[in-house]
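# Topology and contacts: notes
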Amino acid sequence: MVTVYASERVQTAAAQQALDEHITLTATGQCRTCDIPGPCPWWEAATAAFAQTRHLPRRTSGLTRPDLVGVRRVAFSSRT
Ligand SMILES: [Zn+2]
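Note that this is a predicted model, so its numbers are computed, not measured. (Residues numbered from 1 in each chain as written. Predicted model: local features only at pLDDT ≥ 70, side-chain atom pairs only at ≥ 80, totals over all residues. Heavy atoms only, no water.)

Note on metal geometry: ideal angles are 109.5 degrees for four donors arranged tetrahedrally and 90 or 180 degrees for six donors arranged octahedrally. Surrounding the zinc ion are the protein donor atoms H22 (ND1), C31 (SG), C34 (SG) and C40 (SG), which sit 2.1 to 2.3 Å from the metal. Coordination at the zinc ion comes from four donor atoms whose angles at the metal span 95 to 116°, giving a geometry best classed as tetrahedral. Note on H22: relative accessible area 8%, which makes it buried. Overall, C40 belongs to the buried group, its relative accessible area being 1%. (Donors = N, O, S within 2.8 Å, 3.2 Å for Na, K, Ca; no water. Tetrahedral: all angles 85-135°; square planar, octahedral: opposite > 155°, others 65-115°. Buried < 20%, exposed > 50% of the residue type's maximum accessible area, 1.4 Å probe, protein only.)

Written out as structure tokens, the structure is:
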């Protein structure tokens, strides 16, 4: 049981790393590692791996860089 748990942890960690590296950038719509329109096959494989292990991927805030597409929080409140 311990061995199964450990290998699952390794698989989850690898999938998490792939999710972080192959995230689709909001600004370009492309994988930031592969430079192809995302989600790329690596990202989808990582997602499938998470579905198998039943672990939820950890979300890293700001990873998709919404600031690059000019998202502004206060669009109207600055106008008086
Ligand atoms: Zn990729």
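Next, the rest of the story.
What follows covers unusual backbone geometry. Following G38, the chain continues into P39 via a peptide bond in cis, with omega recorded as 0°. Looking at where P39 falls in the secondary structure, it is placed in the loop between α1 (2–21) and α2 (41–53). We note that D35 has phi near 60°; this positive angle belongs to a residue other than glycine. Among the structural elements, D35 can be located in the loop between α1 and α2. (Helix = DSSP H or I, 4+ residues; strand = E, 2+ residues; numbered from the N terminus.)

Before going further, it helps to spend a moment on the nonpolar core. Within the largest apolar cluster, six residues are counted, these being A15, A18, L19, A46, A49 and F50. Only α1 and α2 provide two or more residues apiece to this core. Contact partners of A18, with chain neighbours within four places excluded, come to W42 and A46. (Core = buried A, V, L, I, M, F, W, Y, C linked by side-chain atoms within 4.5 Å. Contact = heavy atoms within 4.5 Å.)

For T47, the location among the structural elements is in helix α2. Along the primary structure T47 and A18 are separated by 29 residues, whereas in three dimensions their C-alpha atoms are 9.1 Å apart.

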